[in-house]
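Fold and geometry: a report
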Amino acid sequence: MSSIGKFSLIGYNGSRKHLSISIPSSNEVMSPHIKSVEELRVLGINLSNFSAPTQFFICVAGVFVFYLIYGYLQELIFSVEGFRPFGWYLTLVQFGFYSMFGLVELQLTQDKRRRIPGKTYMIIAFLTVGTMGLSNTSLGYLNYPTQVIFKCCKLIPVMIGGVFIQGKRYNLADVSAALCMSLGLIWFTLADSKLAPNFNLTGVLLISLALCADAAIGNVQEKAMKLHNGSNSEMVLYSYSIGFVYILTGLLCVGDLGPAAAFCSEHPVTTYGYAFFFSLTGYFGISFVLALIKLFGALVAVTVTTGRKAMTIVLSFMFFAKPFTFQYIWAGLLVLFGIFLNVYSKNRDKMRLPSIQDLRSLLLNGKKARLPSQNV
């Protein structure tokens with residue numbers, strides 16, 4: 001083993017800030033979350049040049065900016081009169097754009113090898129089709145905030161999937177965070193059902209199935225990336241191109257491809273035009289989500305995307321007319337508390353909260369300090 005290899009390995013184990021010092025030799029064991037400097041490239045940005053907190057901030061900013069635009073365009077497309085029955089066709093167009101974007105990005109990288117096995121991509125593609133296709137189709141039966149609320153409740157399934165798929169163990173703070181966020185979002189759903197009961201059993205079934213697929217896909221992606229060191233562009237290209245074939249085959253079998261294509265050809269700007277920017281922002285957002293998964297794990301990525309969904313709901317009320325109640329605010333505060341618990345769980349050494357004994361000693365010291373002043 002060379003001296004350079006030793007130095008980089010020691011630097012890496014000592015602190016994550018030393019990731020960019022050097023690349024370990026091929027026979028050295030690397031972190032299960034980050035295996036090479038190449039993995040840290042997102043849309044051409046080399047995140048290995050930044051510290052871990054800066055990496056987290058960049059990824060979170062990318063997720064929020066691109067996915068907020070994504071959510072707005074998604075609701076805008078389904079507001080087009082007559083488009084609601086064609087959710088699967090929108091997913092087909094979306095997967096086609098994603099495949100092209102992934103191919104272009106992969107061609108711009110130096111290493112174009114496929115590292116993750118094809119069988120794994122077939123599973124990931126199936127879950128991705130279930131997540132996005134069922135989610136898009138559910139908007140034909142549910143209003144947008146209700147759909148987003150259901151999607152936000154995937155925190156607990158993700159944790160269960162992490163236990164069974166990857167053998168993970170979560171602490172009490174993580175479990176409490178998931179419970180708070182899910183309960184807050186359920187409260188939001190109940191408030192919405194009172195004001196505008198637009199529930200449909202078909203829509204609830206579709207979004208529930210999408211929720212299950214979404215809960216599994218993060219853990220499967222994380223496990224595949226750790227094991228095979230695949231890049232973001234590779235993951236997007238192969239999973240969405242295979243998913244495109246799945247959806248195209250399904251639409252041809254049920255005969256829904258012709259009517260959907262005919263409707264969109266009559267409204268090209270509000271369908272294909274919006275779908276292009278909808279897919280572009282979604283592709284950029286996916287790149288940052290995959291970076292979060294590789295750097296910080298599936299649970300942190302889901303927590304960030306759940307917070308983004310809560311913000312999407314706020315913007316939905318701002319840009320699209322809907323009834324409002326203060327129960328939305330209380331439910332949102334409970335979700336924010338859940339996000340805080342999750343962040344605290346990941347940074348206990350930097351965010352130490354005072355214990356009951358600390359508060360008691362603080363009060364006692366305050367009383368002792370006041371006694372002499374009272375005697376003067």
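Heads up: these notes are all about the structure in this document. (Residues numbered from 1 in each chain as written. Predicted model: local features only at pLDDT ≥ 70, side-chain atom pairs only at ≥ 80, totals over all residues. Heavy atoms only, no water.)

**Some remarks on the overall build of the protein chain**
- Secondary structure assignment for the protein chain yields 14 helices and two strands.
- Counting every position in the protein chain, which comprises 376 residues, the buried fraction comes to 49%.
- In the protein chain, the proportion of contacts linking residues at least 24 apart, taken out of those at least 6 apart, comes to 83%.
- Only carbon and sulfur atoms are counted for the fraction: they give 69% of the accessible area of the protein chain, which is about 18,700 Å². (Helix = DSSP H or I, 4+ residues; strand = E, 2+ residues; numbered from the N terminus. Buried < 20%, exposed > 50% of the residue type's maximum accessible area, 1.4 Å probe, protein only. Contact = heavy atoms within 4.5 Å. Areas by Shrake-Rupley, 256 points an atom, 1.4 Å probe, with all protein chains shown as cover.)

**Focus on the packing of helix H3 (residues 87-108) against helix H11 (residues 268-296)**
- Remark: H3 packs on H11, axes separated minimally by 9 Å, with the N-to-C direction vectors making an angle of 55°. As judged from the angle between their axes, H3 and H11 are oblique. H3 and H11 meet at a crossing whose hand is right-handed. Taking contact as the criterion, the partners of Tyr 89, Leu 90, Val 93, Gln 94, Phe 97, Tyr 98, Phe 101, Gly 102 and Glu 105 in H3 are, on H11, Tyr 272, Ala 275, Phe 276, Phe 278, Ser 279, Leu 280, Gly 282, Tyr 283, Ile 286 and Ser 287.
- Looking at side-chain class alone, the contact of H3 with H11 contains 13 nonpolar, five polar and one charged residues. (Axes fitted to C-alpha atoms, helices over the stretch in contact; angles between N-to-C directions. Parallel < 35°, antiparallel > 145°, perpendicular 65-115°, else oblique. Left-handed = near helix turned anticlockwise from the far one by under 90°. Nonpolar A, V, L, I, M, F, W, Y, C, P; charged D, E, K, R; others polar.)

**Observations regarding the nonpolar core**
- If you look at the biggest cluster of nonpolar residues, it comprises 71 residues, and the most contacted ones within it are Phe 83, Tyr 89 and Tyr 98.
- In terms of residue count, the dominant contributor to this core is H11 (11 residues).
- If we ignore the near neighbours within four places in the chain, the residues touching Phe 83 are Ile 77, Phe 78, Leu 90, Phe 263, Cys 264 and Thr 271.
- Among the nonpolar cores identified, the runner-up in size contains six residues, and Leu 134, Phe 150, Leu 206 and Ala 210 belong to it. (Core = buried A, V, L, I, M, F, W, Y, C linked by side-chain atoms within 4.5 Å.)

**Examining H11**
- Look at H11: 40 Å from first C-alpha to last across 29 residues, which is about the 42 Å you get at 1.5 Å a residue.
- In the stretch just after H11, Gly 297 is the one whose phi turns positive, near 100°. (Expected span 1.5 Å × (residues − 1).)

**Description of the packing of H11 against helix H12 (residues 298-319)**
- The contact between H11 and H12 brings their axes to 7 Å, and the two run at 140°. Between H11 and H12, the interaxial angle falls into the category oblique. Once H11 is placed against H12, the crossing between them reads as right-handed. Here Val 289, Leu 292, Ile 293 and Phe 296 of H11 come into contact with H12, specifically with Ala 298, Val 300, Ala 301, Val 304 and Thr 305.
- Considered class by class, the residues forming the contact of H11 with H12 number eight nonpolar, one polar and no charged.

**Points about the environment of Val 304**
- Here Val 304 shows up in helix H12.
- Classification of Val 304 by relative accessible area gives buried; the value is 9%.
- In the structure, Val 304 is positioned 244 residues away from Val 60 in sequence and 6.8 Å away in space, judged by C-alpha atoms.
- Leave out the neighbours within four places in its chain, and Val 304 touches Phe 56, Val 60, Val 63, Phe 64 and Leu 292.

**A few points about a nonpolar patch on the surface**
- Taken together, Val 175, Leu 179, Leu 183, Ile 186, Trp 187, Leu 190, Phe 324, Phe 326, Ile 329, Trp 330, Leu 333 and Leu 336 make up a surface patch of nonpolar side chains, about 1,200 Å² in accessible area.
- Put simply, the parts of the chain that give the nonpolar patch at least two residues each are helix H7 (172-195) and helix H13 (327-346).
- With six residues, the single largest contributor to the nonpolar patch is H7.
- Mapped onto the fold, Ile 186 is located in helix H7. (Patch = residues over 30% accessible without salt bridge, like charges linked within 9 Å, V, L, I, M, F, W, Y side chains within 5 Å. Salt bridge = Lys/Arg side-chain N within 4 Å of Asp/Glu carboxyl O.)

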